[in-house]
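# Observations on chain architecture
Here is what each chain is made of, one letter per residue.
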Amino acid sequence: MFQFMAQGHIIPFLALAFQLIKTNKYTITFVNTHKNINKLRSSLPPNSSFNLLEIPFNSSDHNLPPDTENTDSVPYNMAPNLIEATLSFKPHFRKLVSDLVSEENGQRKPLCIITDMFFGWCAEIAQEFGVFHAIFIGGGGFGEKSAAKFGQLVLFFCQLEAKLEQEKNLESPKMFVKLARFKTLQLSSVVRPPVGFDINSEFKADEYLPEGFEERNKISRQGLVVHNWAPQVDILSHKSVSAFLSHCGWNSVLEALSHGVPIIGWPMAAKQFYNVKLLEEKMGVCVEVARGKSCQVKHEEIVKIIELVMNETEKGMEMRRRACEIKEIIENAIKDEVNNKGSSTKAMDEFFNAVLTMRESKMG
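Residues numbered from 1 in each chain as written. Predicted model: local features only at pLDDT ≥ 70, side-chain atom pairs only at ≥ 80, totals over all residues. Heavy atoms only, no water.

For the protein, an unreviewed UniProt entry supplies the name UDP-glycosyltransferases domain-containing protein and the organism Xanthoceras sorbifolium. Per UniProt, the protein has the following entry under Sequence similarities (unreviewed entry): "Belongs to the UDP-glycosyltransferase family." (UniProt positions renumbered as here; feature names shortened; annotations may be inferred.)

Laid out in structure tokens, this is it:
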């Protein structure tokens, strides 16, 4: 398994690995850079049977800040640079796969190479060595097949639309783009450093938050500010949590809905805009409060949305009912009992049966 260097990508790969390891059929090897391998190691249980292999990477060679190996340590506007820099992995990954399949090492050829959607070039290497290759996308798929309003487009498409608008008087073809945290009434906010600050640096409340904000929360005992990372799943699983103000990344969506928690959406980037559209318009478990990093929300507006979702309003009760229904759907999908396997578990079994069949046909 080879995932992109972002926590939002590492989490679903880990979840998939834990699901696979339950069968006791497979040995799983994670491939990543030094710092990300250390992060993975800290997320694994003691005496884990996972193998961890490092791939060399020097961010300074790619005009990135020193020791940048993950999106949590790179400025947001430089994330595309990090993606582009991963092309340097290609020769190293080829050697790694070559070593794994070399007969002199007595290794069996890997059954399958599973890589991130940003690492499509791995397919060439897998094919070269006769290994089945699969791309694992840990995000939602709704954005690939839904029509979106202009305001729901990510910045790239908004800029593209603006450019086309400027050229509308020219005799050029036109393009249509179809895209083919709060806790009860006592508020709990998980605060990360703003854009432009090192996310791994010491938390500086006086720079990040309104003057006296943290002190007021301590005195009133009506809120709690958690610096940097927080145990999100533990928080969402607590019985007192009745709504989640979220950027609506797909990991957060699944973690909320798997505990029956409705969502107040504030998408910031990438597929988060489409996730909110799905959650609000199709699933009925979300209300969008704002969109994008530059949006300003007055306290009266956020209070109105919180009360709508959390109080005994018709909308709030319906959202909670739908969230509980989806929780049950998720639980049923991942069942793995002898005579009662869920749809997701069956799909995984079918996938690996197909891979095994292909392998045996090639060997035969």
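Next, the rest of the story.
### Structural notes on the environment of Met117
Examined against the element boundaries, Met117 turns out to sit in the loop between strand 3 (112-116) and helix 5 (122-128). C-alpha of Met117 to C-alpha of Phe2: the two residues are 115 residues apart in sequence and 9.9 Å apart in space. Residues within four places of Met117 in sequence aside, it is in contact with His9, Ile135, Phe136 and Ile137. (Helix = DSSP H or I, 4+ residues; strand = E, 2+ residues; numbered from the N terminus. Contact = heavy atoms within 4.5 Å.)

### Let's talk about unusual backbone geometry
Unusually for a residue other than glycine, Asp67 sits at a positive phi of about 60°. With respect to the helices, strands and loops of the structure, Asp67 is situated in the loop between strand 2 (51-54) and helix 3 (79-85). Taking the relative accessible area as the measure of exposure, Asp67 reaches 53% and is therefore exposed. In this structure, Ala270 takes a positive phi of about 50° despite not being glycine. Tracing the sequence through the fold places Ala270 in the loop between strand 8 (263-265) and helix 11 (272-283). (Buried < 20%, exposed > 50% of the residue type's maximum accessible area, 1.4 Å probe, protein only.)

### What to know about the confidence of the model for the protein
Averaged over all residues, the pLDDT of the protein equals 82, while 82% of them reach at least 70. Overall, residues 167-179 carries pLDDT values under 50, and its contacts beyond four positions in sequence, including any with other chains, amount to 17 contacts. Scored below 50 in pLDDT, residues 181-187 shows 28 contacts in the model against residues more than four places distant or in partner chains. (pLDDT = per-residue confidence, 0-100.)

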